[in-house]
Amino acid sequence: MTQHQDSTLSALSRPLRLTLLGLWAERLARCFWPFWTVLLIALSALSFGLQDHLPLEAAWFALILALAAALATLWRGLRAFRRPTRAEALVRLDSRLPGQPIAALTDTQAIGGDDPASLAVWQAHRARMAARAATARPVEPDLKLARRDPFALRYVALTAFVMAMIFGSLWRVTSVEALAPGAGNALAAGPAWEGWAQPPAYTGKPSLYLNDIAEGSLDLPVGTRLQFRLYGEVGELTLSETVSGRTGTDVPPASDPLHDFTLERSGEVTVGGPGGRTWRFIATPDMAPAVTPAESAEREGDGQFTMEFAATDDYGVASGRVSIALDLPAVDRRFGLAADPEPREPVVLDLPMPMTGDRAQIAETLVDDLSQHPFANLPVAMTFTVDDAAGQEGSAEPVRLTLPAKRFFDPLAAALIEMRRDLLWTRANAPRAAQVLKAVTHRPEDLIRNQRAYLRLRVLMRDLEAQQASLSPDARDAIAAELWEIALLVEEGDLASAMERLRRAQDRLDEAMRNGADPSEIEQLMQELREALNDYMRELAEEAERNPDSQLSQNMEGMEMSGDQLQQMLDELQRLMEEGRMAEAQELMEMLRQLMENMQVAQGEGQGQGQGGPGQQAMRELQDTLRGQQGLSDDAFRDLQDGQEGNDGQQPGQQQGEGQQGEGEGQGEGEGRSLAERQQELRDRLGRLQGGQLPGDGSEAGEEGRRQLDRAGRAMEEAEEALRDGDLPGALDRQAEAMEAMRDGMRQFGDAMAEEQQQQGDAERGQEFGQADPNGQRDPLGREPGNSARIGSDRNMLQGEDVYRRAQDILDEIRRRSGEQARPESERDYLRRLLDQF
């Protein structure tokens, strides 16, 4: 080998050495994996102390079998093992390189050694091979044994050994010496006994190896498990104890090799004999947990209640619950509560617990909503109970209070909730509830403003009257659920009209002030009033923008007020309520109510101008037909209450029906006609409207509206047939369906009209509207409508140099107000749009 070859191979010494080591590892693993598998299994069994539990003969057999398997696998491995050489490593390293450059470097030039050209080519070839050889990297060994060990026995052995190292002890391997003949005399050299103390897991205390604990006193929790193993000849070591409380036949012989008992009381444990020891165990008792609830519960605005509590335990609270039972002696037994209540199980709620951290001392808040439960707003006794991991319970004295729940401020909603409470109190209250509901709905025009709620209430009353003699628990619960939904509908409304939302918010806030509601409820109602007022003012402004030629502003000249002034009124109202000056707050609320009613009148008059189009005329006629259908349905319901047939000539509820219709179509038109004839007339009127021009003809919304009118017509026809047959309940159902279909159709026509107005507005955008008399039109805030469909004009603005200073002041004020988080989001959004424009 030339000097150049030696220098090239010396550069490969490191990858060559690592490749050689890989060959050693590969061949050792392939030849001796059965040997170390048997060795690991044997060590695992010995570490777990298997030899201490087997009979002597079985232990000797297992030991001999393990030794034989180890020797056999070792002999097999030695026979198959071949010591890897440097040449084999060089061949493996060369086989991974392209062109086998290492073999090329060991070659010699066979011919042309005297030819300079041939010699130059040979040297260039060797240089390229040397460059390739310099890039050599160590070859990793192939340690995969899956084909040689298809059952993965090596992994089983390794897993067993790891488990033995975690849960066993290598000290137990030395106990194999006890299997040898005459080995009993040698036990004194190793541990003659072993003992462990394992406290309950929930205490979090570690296990103790008693061989490492010197004699003396030791504090341990009650329930600690004590285990002792005595080795050597039986009777040479003994154990005595006074901590378990065992007596009689429960106490095993003191010389038993295994003792397992639980620490129940303080006492001594003694291991007698060579190397024995005595301890004085002091039993630490596990105290029962304790809980301390708050004296009262707080009601949230949405009906939820919150109640704080604190709990303690020496090792941690595991769980808790509160039982809510009716406090019958504290109930005001009047009206619907005078009868004996039906028995009800207490409500049991789980107490919230921290997910992480120490539970020795916890302070949490119970949050729940029992507004729909029969105990809502009634006196109850709340008993808090907590448990620890040992199963011990700790309870507090019952807290007696009125269970907080959702409050209803609308008088009708409050009456419905009271009837619901009476029905849930006992089914014997069904006749009384039906009678009260009849009285409430006798003259609904001034009390019930939501038609959907009225219709649903009438259907519920019919079901209640039909079942009141034999009302089942399931039927009672269904009626209670429907009463809750109707009360919510009355209290919160369908939120379809900005003016209706404003009026409802004013009524609820006024009722809350009179009833002395909680500050949190007052604050929530005040926020609802702010939002409703902002929505209503925005609707008025949009209406003025859509109809710049209307007379809406002319009717508002005497009540000019800016948006800031309205906000100041609301702020003053809230301040008066916070200071407890409810009389002044109610006066201010009445002023605000009068202002809003005047705005509503102005809006109605303004919208009345220019409504002579065919589509708007058809909408008014549809409204008249709907009112007529409503009046007819009222008369049919009164006849049902009075027990009259639907097909006789006279209508017992005719006078009431006429008074209820007010200005609606059909007032007085039931004179001398039966209900079926009036239903036929309404159906004919609807048919004439369908044959004429309706809003949105040709559009998707318009076609959907016509389909709803077709559905209303079919329902009217079925109602007419039911009236002629004397089926008043069936007629009421069909009439309700007809009114619902007519409302859906009118809603679709309204959407179609809005789309048409928007398209017209887009077409006319950019054209100036006629300039009206400066003093003839004002919007609800006292501003003059300007040109180009915008609110406000350029009259009376500053001229000269002051205009720039004033403009800067206005921009600064807009920026300041847009940054105030207390202002409503709609107002701040409007201010941000102003800043984007200017």
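Remember, it's a predicted structure, so these values are computed and weren't measured experimentally.

A. Expanded view of the side chain of Glu194. Residue position: Glu194 is located in strand S1 (residues 193-198). Within the local environment of Glu194, its side chain forms a polar contact with the side chain of Tyr231, the two groups lying 2.5 Å apart. Each residue touching Glu194, except ones within four places of it in the same chain, is listed here: Tyr209, Asn211, Gln227, Phe228, Arg229 and Tyr231.

B. Representation of the sheet that holds strand S2 (residues 208-209) within the structure. Pairing within the open sheet is antiparallel, and its four strands lie in the order S2-S1-S4-S6. Every other strand in the sheet has two partners, leaving S2 and strand S6 (258-262) as the edge strands with one partner each. Note: S1 against S2, two bridges, orientation antiparallel. Within S2, the residue paired with Ala197 across the bridge is Leu208.

C. Highlighting the side chain of Thr203. With respect to the secondary-structure elements, Thr203 resides in the loop between S1 and S2. Separated by 2.6 Å, the side chain of Thr203 and the backbone oxygen of Pro200 make a polar contact. In this structure Thr203 touches Pro221 and Tyr315, once residues within four positions along its chain are discounted.

D. Just the packing of aromatic side chains, in detail. On inspection of all chains with the given rule, the structure shows 10 aromatic pairs. Considering the side-chain rings of Trp196 and Tyr209, the 5.9 Å spacing of their centres and the 45 degrees angle between planes classify their relative orientation as tilted. Of this pair, Trp196 sits in strand S1 while Tyr209 is found in strand S2, placing the two residues 13 residues apart along the sequence. We classify Trp196 as buried; its relative accessible area is 19%. Residue class for Tyr209 comes out partly exposed when judged on its relative accessible area of 28%.

E. Quick peek at the pairing of strand S4 (residues 225-230). Inspection of the sheet shows S1 paired to S4 by six bridges, in the antiparallel sense. Counted as the bridge partner of Gln198 is Arg225 from S4. Two strands pair when backbone bridges link them, and S4 and S6 are joined in this way by five bridges, in the antiparallel orientation. Residue pairing in the sheet places Leu226 in a bridge with Phe261 of S6.

F. Representation of the nonpolar core within the structure. Ranked by size, the top nonpolar core spans 39 residues in total, and within it Leu416, Leu423, Leu437, Leu457 and Leu464 carry the most contacts. For this core, the secondary structure elements donating two or more residues are helix H9 (411-425), helix H10 (430-440), helix H11 (451-467), helix H12 (473-492), helix H17 (614-642), helix H19 (675-691), helix H20 (700-724) and helix H21 (728-764). With residues near it in sequence (within four places) discarded, Leu423 still touches Asn429, Ala430, Ala433, Leu464, Leu471, Arg476, Ile479 and Leu483.

G. A look at H9. Between its first and last C-alpha, H9 extends 21 Å over 15 residues, near the 21 Å set by a 1.5 Å rise per residue. Of all the positions in H9, only Leu412, Ala413, Leu416, Ile417, Met419, Arg420, Asp422, Leu423, Leu424 and Trp425 are classed as buried. Residues of H9 that are buried in the fold lie against strand S12 (317-326), H10, H11 and H12. Where H9 begins, the side chain of Asp410 points an oxygen toward the backbone nitrogen of Leu412, at a separation of 3.0 Å.

Cut-off values and rules
- Counting restarts for each chain, with residues numbered from 1 along the sequence as it is written.
- In view of the model being predicted, local features appear only for residues whose pLDDT reaches at least 70, and side-chain atom pairs are presented and counted only at 80 or more, with totals across whole chains, interfaces and linings using the full set of residues.
- Where side-chain values are given, they derive from all heavy atoms of the structure, hydrogens and water being excluded.
- Put simply, DSSP H or I for four residues or longer makes a helix, DSSP E for two residues or longer makes a strand, and each gets a number counted from the N terminus.
- Polar contacts, as used here, are pairs of N or O atoms within 3.5 Å; protein pairs need one atom able to donate a hydrogen and one able to accept it. Residues neighboring in sequence count only if both atoms are side-chain atoms.
- Note on contacts: a residue pair qualifies if any of its non-hydrogen atoms lie within 4.5 Å across the two residues.
- A pair of strands is considered paired only if DSSP assigns at least 2 bridges between the two.
- Note on ring pairs: Phe, Tyr and Trp rings are taken, using the six-membered ring of Trp, and paired if centres are within 6.5 Å. Classes follow the plane angle, with under 30 degrees stacked, over 60 edge-to-face and the rest tilted.
- Using a 1.4 Å probe on the protein chains alone, a residue whose accessible area is under 20% of its type maximum counts as buried, one over 50% counts as exposed, and one in between counts as partly exposed.
- Residues belong to a common nonpolar core when they are buried Ala, Val, Leu, Ile, Met, Phe, Trp, Tyr or Cys residues joined through side-chain atoms within 4.5 Å.
- The span expected for a helix works out to 1.5 Å for each residue beyond the first.

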